[in-house]
Structure formats: C-alpha cells, structure tokens
Number of protein chains: 2
Amino acid sequence: MTAGTLYGLGIGPGDPELITLKAHRILQAVPVIAYPAPEQGDSLARQIVAPHLPQGRMEIAIRMPLVVARFPAQEVYDAAALELGEHLQAGRDAAVLCEGDPFFYGSFMYLFGRMAEKFRVEVVPGVSSLTACAAVLGAPLAARNDVLTVVPAPLPEAEIAARLKDCDAAAIIKVGRHLDKVRRVLEDLGLSAKARYVEHATMAKQNVRTLDQVGADAAPYFSMILIHRRGEAWQ
Amino acid sequence: MTAGTLYGLGIGPGDPELITLKAHRILQAVPVIAYPAPEQGDSLARQIVAPHLPQGRMEIAIRMPLVVARFPAQEVYDAAALELGEHLQAGRDAAVLCEGDPFFYGSFMYLFGRMAEKFRVEVVPGVSSLTACAAVLGAPLAARNDVLTVVPAPLPEAEIAARLKDCDAAAIIKVGRHLDKVRRVLEDLGLSAKARYVEHATMAKQNVRTLDQVGADAAPYFSMILIHRRGEAWQ
C-alpha cells in the first residue's frame, strides 16, 4: 500500500477567506486533519477553517500543556507524529492546519522534523501575519532595497535595540506581555512616532491602536508592531 | 455617485492555486483590472490569474520601460493612477494585480501612495515569495525567537555582509545578476553550506539547485537564497 501524504497547510492569518484555493481543495480531500489546540478549549486554527470543513473528518487535536517546558512539548509532538504516522501508513492523507504560514515561526516544523524523512510531506504556503498586518495597517512593509528585520519581542531588551538600531523596516512579533519593554526601546531609538500597532489582524476582533492607547499588560500574543524608518516605504 | 474601491490584490507567488478565496472573489466581481507589464509582451501577474479571470474585464497594462530611471517610472505610475482614478470616480471598482503580496517589496505601494488619500483602497494580502520559497525548499524560515533578516541582493557587498554577519535566519531576495557577489559574502561568512537556492518558486519553471550549480549570470530576478544559521530551524 502506498503511504499517505502529510500536508502542512497554511490557512492564513485569521479571516477564513484568506485561505488559498489549494489549501481549500486539500481540506476537502483529506480524511484526517490535525491542529494545535490549548490544553482545554477550542483550537484557533480549526475555527479559521470551520466554514470550509466537510463533515466526518477524523480530527487530531494537538493539545499543548499551559506550562510548556521543553520536554513535555517534545512529548506532545512525539505523540502527534505517532498518531499521524499510523494514518499515513494506512494510506490516508492528513493535513496539519497551520495559522498563517507553516514555516514562518510555525510549530509545524516540529512535526516536519519528525515526519519528513519517513513520509511524503508537502508544505502549502499561506498568507502570513506579517503581510496581513501590513495590509490592515495600510502601510507597506518594505520596498526597493530596504532590509526588513523581523524581531520576536521575547528577546532581551538590549538585543531588540541592537536589531532595530539600523533597520530600514522592521516587524516586531509576539508582542503580548513584552509591550512595555518594546515601547521603551522604540522611545530610546526615536522610533515611537513611526510605529504602528495591530492585534488579531484580519480576525473578527481585529484592533488597530496607537502604541500609547494600549495598556502595559493588554497586548495579546497575536499582536504586531510595524516600523518604517522613512515613515512611509514609498518616500 | 459613490466612488469605486481600489483593491491591491495579492495573487501569490506564481501557482494560480495559491491565490486566496478573497482575491478570487474580488477578481470575479470587479469590472476593471490593472497589472504591471514589461514594455512589450505578457504580464506575469496577468498570467498567474488567467485561469480565474472572467471574460470582458476592462484591462490596464502598466507598462514599465526597460530603462527605469526614477522619473520615467514615476510618470508611468502617474498615468496609471489617472486612468484608475477615472474608473473609480465613475463608480467602478478596480483591482491591481500584485505578484506575491502587495506590501512585500511590491510596486503597488507607488499606486497606493497616489490613491489612498483620494479613494477607498483595500489591500488584500497574498502568499509572499518569502514563505513560498521556504515551502518549496522544505526548510522552515524562522522559529521560536529567531531574528529573520530579509536582504535585497542589489545592496553593496559590505552591507550584505554586515546584515548577514549576526543573522539567525535570512532571506536574500532579488538575487539575479548579483549572485556572484552574494556567493562571495556567504563564503567569507562560512554560510555557503547552509544556503538554499530556488528560482521561480511554485511556477511551472521552478528550479531548486545548490549554489555552485548556478552560473555567474544565470540566476533570474525571481530567485532567492534562504539561510538558517543552525542549519535547521527546529534544531
């Protein structure tokens, strides 16, 4: 029997209409879907594709414990890889739903690392939060020969400052509880007036605010700050 | 009369199936489309959407002269903005086709800068070449708290070297005739073995090669090099 194919399916940043025709077709075709989920409750990825999901799919929720030490997380992926592997060996294709794009800061790579040597794995790129935020903010990310730097906010303050110091254009991702630290860096570098903030881009609860409108502990994980040194990329 | 809406329509990296449901719906609905095109010959953007394009659209080819000095290019955008503006004022919606994503190194921003204050402009994000190349190469772009740096290859050699020196993950875009320069930088920094090269990702003529398989003048404009310092993002 031919083993099934594992799809890493980019499903876009949140708006169900920002899924690709290809991801939509694969969703209709595969008998098995898997998706990341919290320890309890609904999966955001599954919610995004819910309008497109036919009845009767076998579903695997990859539930991540709240306290994510390295080893429990690895065990969760080991177990998911095992379960997906059994479906593939039985000839069933499976799709792992990935918010945004599977290879842009996505947890899919942990499954990819476990499966790609044993099975046929196809990654279907999706619209990433990076460009979705730019669209929502009405601000080009980068142009011409700009260097674009993507900086995760959990990094230490000094490293964020070093990375932003010479940037032409930058995106600060995973802002969440790191907002105050990021605000300090932007203030020190004189970049505050050029920073644009958005949370839950393209989702129903999308929110665009100025940086000083957001409380110290009020930025969600799915928030991003975009900066362009010239102010506008086309200038 | 209500003026029409201008859509900056991300149509993805090349595979017609990597267009979003939203871009597809808008393509069916708008009476006017515009797209970048060479001075003579076919538009790549129009080719990408050709399978989805209904008959009878009014079409505006934004033809860019081969010798692109700053001012002729500006005149071309001025003329396109004028023509699009007439349609919008007459109440007709129009969509500008943008390869990849409109705000990721896209020429759409030149129209956006001319139109956004006068008309309703909506940007529909698309799958960018950045994540499409990662998918094709089977190599996660960035993970966890990696800093991702996007470097245009036309920059001076010393600046490319400075930007790549401390990178966790990097994408070198617009490689084209700058391949030899980029190869030298990667060699000097000891990054050659970690570099992956792809041209025309997701298009019919897609080609994945190692860097030393590509001749000095043989890299097309639509080529990209991805690098991850650890070798694999999940390690």
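Just so it is clear, the model here is predicted, and its values are computed rather than measured.

Draft legend 1. Broad picture of unusual backbone geometry. Residue and element names in this part refer to chain B. Within the chain, Lys174 stands out as a residue other than glycine whose phi angle is a positive 55 degrees. Note that Lys174 resides in the loop between β7 (169-173) and α7 (179-188). The class of Lys174 is buried, set by a relative accessible area of 15%. Even without a glycine there, the phi angle at His200 is positive, about 50 degrees.

Draft legend 2. Highlighting the interface of chain A and chain B. Opposite the 54 residues of chain A that make contact, chain B presents 54 residues. The largest contributions to the chain A side of the interface with chain B come from A:Glu17, A:Leu21 and A:Phe103, which together make up 15% of the buried area. Here chain A is connected to chain B by four salt bridges. Across the pair A:Arg163 and B:Asp168 runs a salt bridge, and its minimum N-O distance is 4.0 Å. The tally of links between chain A and chain B comes to 24 residue pairs in polar contact (both at pLDDT 80 or more). Elements represented by at least two residues in the side of chain A that touches chain B include exactly α1 (21-29), α4 (108-115), β5 (120-124), α5 (129-137), β6 (148-152) and α6 (157-165) of chain A. Summarising the sheet, β6(A) and strand β6 (residues 148-152) of chain B pair through three bridges and their orientation is antiparallel. The residue of β6(B) that forms the bridge with A:Val150 is B:Leu148.

Draft legend 3. Up close: the side chain of A:His87. Note on placement: A:His87 falls in helix α3 (residues 70-89). Among residues more than four places away in sequence, those in contact with A:His87 are A:Val32, A:Met58, A:Ile60 and A:Arg92.

Draft legend 4. Examining the sheet that holds strand β3 (residues 58-64) of chain B more closely. All names here are of chain B. Read across the sheet, five strands follow the order β3-β2-β4-β1-β5 without closing on themselves; strand pairing throughout is parallel. Single-partner strands in this sheet number two, and they are β3 and β5 (120-124). Neighbour-to-neighbour, the strand axes of the sheet open up by a mean angle of 25 degrees, direction not taken into account. Looking at chain direction, strand β1 (residues 5-10) and β5 are connected through five bridges and run parallel. Within the sheet, the bridge partner assigned to Gly8 lies in β5 and is Val123.

About the cut-offs
Residues numbered from 1 in each chain as written. Chains lettered and ligands numbered in written order. Predicted model: local features only at pLDDT ≥ 70, side-chain atom pairs only at ≥ 80, totals over all residues. Heavy atoms only, no water. Helix = DSSP H or I, 4+ residues; strand = E, 2+ residues; numbered from the N terminus. Buried < 20%, exposed > 50% of the residue type's maximum accessible area, 1.4 Å probe, protein only. Contact = heavy atoms within 4.5 Å. Buried area = accessible area lost by both parts, 1.4 Å probe. Salt bridge = Lys/Arg side-chain N within 4 Å of Asp/Glu carboxyl O. Polar contact = N/O pair within 3.5 Å; in protein donor to acceptor, adjacent residues only side chain to side chain. Pairing = 2+ DSSP bridges. Axes fitted to C-alpha atoms, helices over the stretch in contact; angles between N-to-C directions.

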